[in-house]
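# Structural characterization, general
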Amino acid sequence: MAQLILNHLSKDFGSGKSPGNGRPAVADVSLTLRRQGFLALLGPSGCGKTTVLRMIAGFEQPSDGSISYGERRLSDAGGALPPEKRNMAMVFQSYALWPHMTVAQNVGYPLKVRGISGAQWQKRVGEALSLVKLTELAERRPAALSGGQRQRVALARCLVTQPDVVLLDEPLANLDQHLRKAMEETFRTFHERSGATMVYVTHDQAEAMALATDVAVMSEGRLLQVAPPAEIYARPEGRVVGGLIGRGSILRLPLAENGDRQLGWPVLRASLGSRDGVPVGPLADVLVRPEHVHRGTDGVLMRVLSSVFEGERFALDLALPDGQRLKAFSSVAIAEGQTAPFVIAGGWRL
Ligand SMILES: Nc1ncnc2c1ncn2[C@@H]1O[C@H](COP(=O)(O)OP(=O)(O)OP(=O)(O)O)[C@@H](O)[C@H]1O
């Protein structure tokens, strides 16, 4: 299994059509996806995710840079291997199933196109259907399936050709929240069993974190950071990534320049205290996760602006003495309007 490599990849649709300020849709994106990795491409609408995916698939040609799979050059500004020669499969949010064909015929269609029939066809369609747990529904037509089942047919159809790379463009966008959770499990199994490298476009960060081996965050055509989920959660780079990944609050705190990025309570307490008087350093952005904020006698007094019961815990919105807002969790109810001492056990300088 080879690695998928994007090397200084850019796409400019031309000045007339480009998004704001004539900037390219994708600008200088470089990354190497580990073998059999599962990359989630995450970012706000219009940041260039789908354009990257379409360039990998071969539907768009880069304006600059290149895409390789192992030793094979797939695209560069000089030319591109056509999509059907890349051994990749793409799954869309619209599923794109043939309505007049049964589930088995839909799944087996790519094999038919490749001239595979008979026992070999039966075997491979059977295996693909079994993987997505659709064996029982093999003879149904798409109209008689639920949204989740249709998406599983689309997955089985892309699996049947044993692609090296599977590209997924918001495949769960049309499903309700409950079904999305169930489908995440299907995607995980699909990834493990198929051995394919997967690239998954989404703007749901929780979905990206739950599924991927690596998360890439894009903004305005640029790649801001790529890292495994736990790493990007603990050590995001900059305000955009810090604000997009997980829940948290970004505080502006006076801190000495060039200090540690991982901040403990003594440093945080000193910088919170210093806001009453003269700041000890320039203001820095500090990300605080709600699970790191808790009640403590040596804490700083904060006011509970709201307390919302979420089932397993309460989500608090706190006000710091200078008015900045901070999210926290609490296992017990705390009355709104109450003032109590809270400790910030850890923060991350963005
Ligand atoms: N064929 C095209 N011609 C001109 N501009 C395009 C074309 N395709 C995309 N764009 C522009 O490029 C930018 C990036 O689009 P893209 O679809 O890649 O974003 P995205 O991150 O996938 O967004 P979304 O999450 O909304 O699907 C957008 O501003 C879009 O308008």
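Residues numbered from 1 in each chain as written. Predicted model: local features only at pLDDT ≥ 70, side-chain atom pairs only at ≥ 80, totals over all residues.

### A short note on the sheet that holds strand E12 (residues 249–254)
Under the convention used in this document: Here, strands pair whenever DSSP counts at least two bridges between them. Going along the chain from the N terminus, every DSSP run of H or I of four or more residues is numbered as a helix, and every run of E of two or more is numbered as a strand. Lines fitted to C-alpha atoms define the axes here, with helix axes fitted over just the stretch in contact, and angles between the N-to-C directions of these axes take values from 0 to 180 degrees.
Strand order across the open sheet formed by 4 strands is E12-E14-E19-E13, with antiparallel pairing between neighbours. At either margin of the open sheet sits one strand with a lone partner, and together these are E12 and strand E13 (262–264). Sheet twist, expressed as the average angle between the axes of neighbouring strands with direction ignored, equals 40°. Pairing analysis gives 6 bridges linking E12 to strand E14 (residues 283–288), with the strands arranged antiparallel.

### Notes on helix H4 (residues 147–159)
Stated formally: Multiplying 1.5 Å by the residue count of a helix minus one yields the expected span of that helix. Counting other C-beta atoms within 10 Å of each residue's C-beta, where C-beta atoms are placed from the backbone, gives the exposure class: buried for 20 or more, exposed for 12 or fewer, partly exposed between. Two residues qualify as a contact pair if the distance between their C-beta atoms, derived from the backbone, is within 7 Å.
Taking 1.5 Å of rise per residue, 13 residues should cover 18 Å, and H4 covers 19 Å from first to last C-alpha, within 8% of that figure. Of all 13 residues that make up H4, 10 are buried, and the element is covered over most of its length. Every buried residue of H4 is listed here: Arg150, Gln151, Arg152, Val153, Ala154, Leu155, Ala156, Arg157, Cys158 and Leu159. In the core, the buried residues of H4 are packed alongside strand E7 (88–91), helix H2 (103–113), helix H3 (118–131), strand E8 (165–169) and helix H5 (177–194).

### Brief notes about the environment of Asn87
Positionally, Asn87 belongs in the loop between strand E6 (79–80) and E7. The class of Asn87 is partly exposed, set by 13 C-beta atoms lying within 10 Å. Sequence separation of Asn87 and Pro163 is 76 residues, and the distance between their C-alpha atoms is 5.1 Å. Contacts of Asn87, omitting those with residues within four sequence positions, involve Pro163 and Asp164.

### A word on the sheet that holds strand E1 (residues 4–11)
The strand order across the open sheet built from 5 strands is E2-E1-E4-E5-E6, with neighbouring strands paired in antiparallel fashion. With one partner strand each, in any of the chains shown, strand E2 (26–33) and E6 form the two edges of the open sheet. Sheet topology note: the strand E4 (residues 64–69)/strand E5 (residues 72–76) ladder contains 4 bridges and is antiparallel. Across the sheet, Ser66 pairs through a bridge with Asp76, a residue of E5. Sitting on the sheet, helix H1 (residues 49–57) touches E1, E2, E4 and E5, and the angle it makes with E1 is about 120°.

### Some remarks on the domain arrangement of the protein
Test applied: Domain limits in this description derive from either an automatic procedure or a database domain assignment.
Taken as a whole, the protein is organised into domain 1 (4–235) and domain 2 (249–349). The C-alpha centroid of domain 2 is placed 40 Å from the C-alpha centroid of domain 1.

### Describing unusual backbone geometry
Phi at Asn87 is positive, roughly 50°, even though this residue is not glycine. Phi is positive for Gln162, close to 50°, though the residue is something other than glycine. Counting through the fold element by element, Gln162 comes out in the loop between H4 and E8.

### A closer look at the nonpolar core
Spelled out, the test is: Residues of type Ala, Val, Leu, Ile, Met, Phe, Trp, Tyr and Cys that are buried and joined through C-beta atoms within 7 Å form what is called a nonpolar core.
Counting 72 residues, the largest nonpolar core has Leu39, Leu41, Ala156, Leu167 and Tyr200 as its most contacted members. Considering each element in turn, this core owes the most residues, 6 residues, to H4. Not counting the four nearest positions on each side in its chain, Leu41 is found in contact with Lys49, Val52, Leu53, Val199, Tyr200, Val201, Ala216 and Met218. With 19 residues, the next largest nonpolar core counts Leu251, Val286, Ala328 and Trp348 among its residues.

### Let's talk about the confidence of the model for the protein
Our working definition: Across the chain, each position has a pLDDT score giving the predictor's confidence in that residue, from 0 to 100.
Residues with a pLDDT of 70 or more make up 96% of the protein, whose mean pLDDT is 90. We note a pTM of 0.87 for the whole complex and an ipTM of 0.96 for its interfaces.

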